[in-house]
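# Secondary and tertiary structure notes
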Amino acid sequence: MENNLIYFDNNATTPCDPRVVDTMLPWFYQNPGNAASRSHAFGWKAEEAVDYARGQVADLISVESKEIIFTSGATEANNLAIKGVFEMYARKGNHIITLTTEHKAVLDACDKVEKLGGDVTYLSVDREGLVDLKALEDAITDKTVLVSIMWANNETGVIQPMKEIGEICSRKGVLLFSDATQAVGKIPVDPKATGVHLMAFTAHKMYGPKGVGALFVNRKKPRVKVVAQMDGGGHERGMRSGTLNVTGIVGFGKAAEIAKQEMEADAKRLVVLRDKLEQAFEERLEEVYVNGSRTSRMPHVTNISFKHVEGEGLMMTFNENIAVSSGSACTSSSLEPSYVLIALGLGDDLAHSSIRFSLGRFTKEEEIDRAIDLVANGVTHMRDLSPIWEMYKEGVDLDSVQWQEH
Amino acid sequence: MAYSEKLLDHFKNPKNVGTLDKSKKSVGTGLVGAPECGDVMRLQIKVSEEGVIEDAKFKTFGCGSAIASSSLATEWLKGKNLDEASTIDNMDIVEELALPPVKIHCSVLAEDAIKMAIKDYREKNGQ
């Protein structure tokens, strides 16, 4: 990648695998067809390519091709699932259950549902970032039409107990939707075996192109339907109108095929590198906290708080060399630190001090070694500048200080 | 977000980082912000018998803009008398460092720290 810059922000987006790019290239110029054109060879060829890719994507998650609805990405798939189920099952009820740590695409869709007269329960998570299964079961009422729980969290990598959640939903007879954007293509995900009826995911988190995603919609036992959120030509079994992004879909298919073959090896390699990174910080620095469960989590992610150092300032010490992201408020325009970390029960101070390292298929061990030095030096530099680090070292009880809040 | 050269220089090579003995009568200390808000700035001045700021030090927990704002503030304070120092306006800092709108609060924090340090010195010395 460019200028030797180390890319540790694979949860934001992954580089497109060169093998995926090669597969896509003929679909820009040589094969220009619209998959919906039924009257000529260009259209047939495009349709054939889309069908093939649909099979590759379906195969990755062990579902039928017909159960894959292509969308523009995971945000659209999340919206389609939540709003589409809410509209389709309005006769049954108007209640949706989700988590406070979901992605904004889910939370904002739920917010819209509330504005449309729906009733949404937001379940909190424990210190590890995990759902309380008893609380979930208790929250389900006869008005509940959907439970929406993400497979793996984007900020912490924490994996929810999907199997147990699936069992509860089956027993209670409610539909289960999962935003599996961060999980598909990185760990084995089998919605049918897990009791998940709808599932959103996207190509660009699994080394495919941006601008294409999918919603899995279960077709049998139960037959699930969603109301289309965009009106048009009735593509994708009437659930998602709009000319298919043939080039992107071809790339998505290839990315899924590669993921199926390589994710296990990728995961095995990345967990070693991730642990090496974490352990080095814990050995070299004081007051280092890994956020979220360390057992039920994705192999390539770690979210770490370096106490008494502000995240964005820390990033500035090494962002000419390493790309990461932070839960610090300073990286957003809202001035609020990460709501996901706050939901785990971290204080605002630790949330402001957090950095997310998300590794990927193209991460090399030498990059980990370089990053350990750069980040550890950055933390030390920032602590030398930090008045609260100085107070902490002098034994001042920081909770007793009268801060002049703004 | 691209930062100005001046801001990056103050961030990478901060001026006047350190601690003055706050128990001394000649030292005024301003501590503003809170860890929960992601910014804590401590700015200290050492004032001569003639009423001139002969030294200024800071330590800041915060983003790059907060660190650069406090570094710049200490530079500006040195050599000024207290009345002159009181006239430093946050918008001067915004202009000098070309702070983007979302970072204006960092300059406000620096102005507050300056005012608080002067107040602390004056109270200590019965002024």
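Residues numbered from 1 in each chain as written. Chains lettered and ligands numbered in written order. Predicted model: local features only at pLDDT ≥ 70, side-chain atom pairs only at ≥ 80, totals over all residues.

All names here are of chain A. Most of strand β7 (residues 198–202) sits inside the fold, with five of its five residues counted as buried. In β7, alternate side chains face the same way, and those of Leu-198, Ala-200 and Thr-202 on one face and Met-199 and Phe-201 on the other are all buried. In terms of strand pairing, strand β6 (residues 175–179) meets β7 through three bridges, oriented parallel. Looking at β7, one finds that Ser-178 is bridged to Met-199. Note that β7 and strand β8 (residues 213–217) share five bridges and pair antiparallel. The residue bridging Ala-200 from the neighbouring strand is Leu-215, located in β8. (Buried ≥ 20, exposed ≤ 12 C-beta atoms within 10 Å, placed from the backbone. Helix = DSSP H or I, 4+ residues; strand = E, 2+ residues; numbered from the N terminus. Pairing = 2+ DSSP bridges.)

Ala-81, Ile-82 and Leu-215 of chain A are the most contacted members of the largest nonpolar core, which totals 91 residues. Counting contributing residues per domain, this core is built from domain 1 (2–10 + 264–389) and domain 2 (18–258) of chain A, each supplying no fewer than three. Leaving out residues up to four positions away in the same chain, Leu-215 of chain A has contacts with Ile-69, Thr-71, Ala-77, Leu-80, Ala-81, Leu-198 and Ala-200 of chain A. By size, the runner-up hydrophobic cluster in this structure holds 63 residues, among which are Leu-273, Val-324 and Ile-388 of chain A together with Phe-11 of chain B. (Core = buried A, V, L, I, M, F, W, Y, C linked by C-beta atoms within 7 Å. Domains from an automatic or database assignment. Contact = placed C-beta atoms within 7 Å.)

Moving on, we get to the sheet that holds strand β3 (residues 53–61) of chain B. Hydrogen bonding along the main chain pairs the strands of a sheet, whether they run parallel or antiparallel. Residues and elements named next belong to chain B. A sheet is described by the order of its strands in space; here three strands give the open sequence β1-β2-β3, paired in antiparallel fashion. The sheet is open, and its two borders are formed by β1 (27–34) and β3, each paired with just one other strand. Pairwise comparison of adjacent strand axes, ignoring direction, gives a mean angle of 10° for this sheet. Bridge count between β1 and strand β2 (residues 39–47): eight bridges; the pairing is antiparallel. Within the sheet, the bridge partner assigned to Val-27 lies in β2 and is Lys-46. Across the sheet, helix α5 (residues 104–124) is in contact with β1 and β2; its angle to β1 comes to roughly 145°. (Axes fitted to C-alpha atoms, helices over the stretch in contact; angles between N-to-C directions.)

Another aspect to go through is the sheet that holds strand β12 (residues 325–326) of chain A. All names here are of chain A. With antiparallel pairing, four strands are arranged side by side in an open sheet as β9-β10-β13-β12. Edge strands, defined here as strands with exactly one partner in the open sheet, are β9 (288–290) and β12. Taken together, the two bridges between β12 and strand β13 (residues 354–358) define a ladder with antiparallel strand orientation. When the sheet's bridge partners are listed, Ser-325 is paired in β13 with Arg-356.

Before going further, it helps to examine α5 of chain B. Residue and element names in this part refer to chain B. Look at α5: 31 Å from first C-alpha to last across 21 residues, which is about the 30 Å you get at 1.5 Å a residue. The complete set of buried residues in α5 reads His-105, Cys-106, Ser-107, Leu-109, Ala-110, Glu-111, Ala-113, Ile-114, Ala-117, Ile-118 and Tyr-121. The elements touched by buried residues of α5 are β1, β2, α2 (64–77), α3 (82–86) and α4 (90–97). Once α5 ends, the next one or two residues include Gly-126, with phi positive near 60°. (Expected span 1.5 Å × (residues − 1).)

All right, on to the domain arrangement of chain A then. How big an interface is tends to be stated in terms of the accessible area lost upon association of its parts. All names here are of chain A. When its domains are assigned, chain A resolves into domain 1 (2–10 + 264–389) and domain 2 (18–258). The C-alpha centroid of domain 2 is placed 29 Å from the C-alpha centroid of domain 1. Opposite the 19 residues of domain 1 that make contact, domain 2 presents 19 residues. Among the secondary structure elements, those contributing two or more residues to the side of domain 1 that touches domain 2 are β10 (301–306) and α10 (339–343). Ranked by residue count, the leading element in the side of domain 1 that touches domain 2 is α10, at three residues. In terms of residue class, the side of domain 1 that touches domain 2 is made up of seven nonpolar, nine polar and three charged. (Nonpolar A, V, L, I, M, F, W, Y, C, P; charged D, E, K, R; others polar.)

For the rest of this paragraph, the subject is the environment of Val-227 of chain A. All names here are of chain A. Mapped onto the fold, Val-227 is located in the loop between β8 and α8 (246–284). Note: C-alpha distance between Val-227 and Ala-203 (24 residues apart in sequence) is 23 Å. When sequence neighbours within four positions are dropped, the list of residues in contact with Val-227 reads Gly-84, Glu-87 and Met-88.

Further remarks concern the packing of α2 of chain B against α5 of chain B. Two quantities define a packed helix pair, namely the angle between the axes and the distance from one axis to the other. All names here are of chain B. It is the contact of α2 with α5, at a shortest axis distance of 9 Å, that shows an interaxial angle of 40°. Classed by the angle they form, the pair α2 and α5 counts as oblique. In this structure, the crossing between α2 and α5 has a hand that is right-handed. Taking contact as the criterion, the partners of Ser-65, Ala-66, Ser-69, Ser-70, Ala-73 and Leu-77 in α2 are, on α5, Cys-106, Ser-107, Leu-109, Ala-110, Ala-113 and Ile-114. Looking at the contact of α2 with α5 residue by residue, the class counts come to eight nonpolar, four polar and no charged. (Parallel < 35°, antiparallel > 145°, perpendicular 65-115°, else oblique. Left-handed = near helix turned anticlockwise from the far one by under 90°.)

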